[in-house]
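What follows is each chain in one-letter form.
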Amino acid sequence: MLKFLIIVAIVCSSAATASPYPHWEKLIKEYKFDSSAQSFCLTDENTVGQNQAKKIRPASVTKLYVTYWALKKLGPNFRFKTKLTLSKNRLHIEGSGDTFFTTESIFYLISKINQIGINSLEKITLSKQLFFNWKQDRTKVSASLTKYLDTKNWSQTIKTDFENVRTQLEELQLPQTIPSTLELAFSELSWDETPIANPIWHGSFESSPLKNHLKQMNIYSNNFMAQKLFDYLGGEEEFAYFME
């Protein structure tokens, strides 16, 4: 099965289009590639293409291994769960390794907090498995989250992001789960692995299904997502065992 996936990715299928040349030539021209250094082929009963015999190093084949491994181990509908716990004056966000925890996720998170009547906190703490906008570096993540979680001081860029998310929900005719106004203020944001012992409230933020993550990872050849998913699945030792 794995061999089949790799062959499909490299060779593709002739069912996608009967005449690929116009599109191929458009891509070459648009990205100003040297056509003599590029090749493609489509095959069914007959093989067609350009520079079919030219040896080309395929890009990101390892992502296909990660994709196959993830689907076999976790299943296509697996969802990462970022846990939220709340005390009287502290919100703790426990990361789950979700590499698609992005701007939209923060808007949903603030909405959840507002729904239970909380709009002001003394402290927000983060755990080490929390990524944000495809970043892992703690300094960068905490700086970005501070800007997004502090709604009173949103920049125009963040305000535009917020309106774009609401507009997209409307255009897709999805339930408007984010209110028109979000409100959250806090005094301190820091990294702290200590969980809240006796929370007054707890909840979670679920990611989209894994199959959606994998699609985006492969479309955009996202190395960060691939590496973190590889680590989540068990890393080199578990991968070697899986491949036996």
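Structure shown above.
Nothing here was measured: the structure is a model prediction, and the numbers come from that model. (Residues numbered from 1 in each chain as written. Predicted model: local features only at pLDDT ≥ 70, side-chain atom pairs only at ≥ 80, totals over all residues. Heavy atoms only, no water.)

Novice: Can you walk me through the packing of aromatic side chains in this structure?
Specialist: Two descriptors summarise a pair of aromatic rings, namely the distance from one centre to the other and the angle between the planes of the rings. According to the stated counting rule, one finds 20 aromatic pairs in the structure shown. Summarising the aromatic geometry, the rings of phenylalanine 132 and tyrosine 148 are spaced 5.5 Å apart at their centres and angled 75° between planes, so their arrangement reads as edge-to-face. Residue phenylalanine 132 is located in the loop between β5 (120-126) and α5 (138-149), and its partner tyrosine 148 is located in helix α5; the two are separated by 16 residues in the primary sequence. Each member of the pair phenylalanine 132 and tyrosine 148 is classed as buried. By the ring-pair criterion, three or more aromatic residues cluster together here, those being Phe101, Phe107, Tyr108, Phe132, Tyr148, Trp154, Phe162 and Phe205. (Phe/Tyr/Trp six-rings, centres within 6.5 Å; stacked < 30°, edge-to-face > 60°. Helix = DSSP H or I, 4+ residues; strand = E, 2+ residues; numbered from the N terminus. Buried < 20%, exposed > 50% of the residue type's maximum accessible area, 1.4 Å probe, protein only.)

Novice: Is there a simple way to explain the packing of helix α3 (residues 61-73) against helix α9 (residues 235-243) in this structure?
Specialist: The N-to-C vectors of α3 and α9 enclose an angle of 80°; their axes lie 12 Å apart at closest approach. Our classification of the angle between α3 and α9 gives roughly perpendicular. Between α3 and α9, the contacting residues are Tyr65, Tyr68, Trp69, Lys72 and Lys73 on the first element and Gly235, Glu238, Phe239, Phe242 and Met243 on the second. Tallied by class, the residues present in the contact of α3 with α9 amount to six nonpolar, one polar and three charged. (Axes fitted to C-alpha atoms, helices over the stretch in contact; angles between N-to-C directions. Parallel < 35°, antiparallel > 145°, perpendicular 65-115°, else oblique. Contact = heavy atoms within 4.5 Å. Nonpolar A, V, L, I, M, F, W, Y, C, P; charged D, E, K, R; others polar.)

Novice: I'm lost on a nonpolar patch on the surface in this one. Help?
Specialist: On the surface, Leu27, Tyr31 and Phe33 cluster together into a nonpolar patch covering about 300 Å² of accessible area. Tracing the backbone shows phenylalanine 33 in the loop between α2 (21-30) and β1 (40-43). Residue classification places phenylalanine 33 among the partly exposed positions, given a relative accessible area of 45%. (Patch = residues over 30% accessible without salt bridge, like charges linked within 9 Å, V, L, I, M, F, W, Y side chains within 5 Å. Areas by Shrake-Rupley, 256 points an atom, 1.4 Å probe, with all protein chains shown as cover. Salt bridge = Lys/Arg side-chain N within 4 Å of Asp/Glu carboxyl O.)

Novice: Looking at this structure, I do not really get the pairing of strand β6 (residues 185-191). What am I missing?
Specialist: Note on strand geometry: in a regular strand, side chains alternate between the two faces of the sheet. Taken across its seven residues, β6 has five buried, putting it largely inside the fold. Taken together, the six bridges between β5 and β6 define a ladder with parallel strand orientation. Note on β6: the bridge partner recorded for threonine 125 is serine 190. (Pairing = 2+ DSSP bridges.)

Novice: Even after reading the chapter, I still don't get the packing of α3 against helix α7 (residues 210-219), so can you show me in this structure?
Specialist: Helix-helix packing is described using two parameters, namely the angle between the two axes and the distance between the axes. Following both chains from N to C, one finds α3 and α7 inclined at 180°, their axes separated by 11 Å at the closest point. Our classification of the angle between α3 and α7 gives roughly antiparallel. Residues Lys63, Leu64, Val66, Thr67, Ala70 and Leu71 of α3 pack against Leu210, Leu214, Met217 and Asn218 of α7. Broken down by class, the residue content of the contact of α3 with α7 amounts to seven nonpolar, two polar and one charged.

Novice: Got a minute to help me understand the environment of phenylalanine 162 in this structure?
Specialist: Structurally, phenylalanine 162 can be placed in helix α6 (residues 156-171). Among the residues examined, phenylalanine 162 registers a relative accessible area of 4% and is labelled buried. Sequence separation between phenylalanine 162 and threonine 103 is 59 residues; the distance between their C-alpha atoms is 8.4 Å. Filtering out sequence-adjacent residues up to four positions away, phenylalanine 162 remains in contact with Phe107, Trp154, Ile178, Pro179, Ser180, Thr181 and Leu182.

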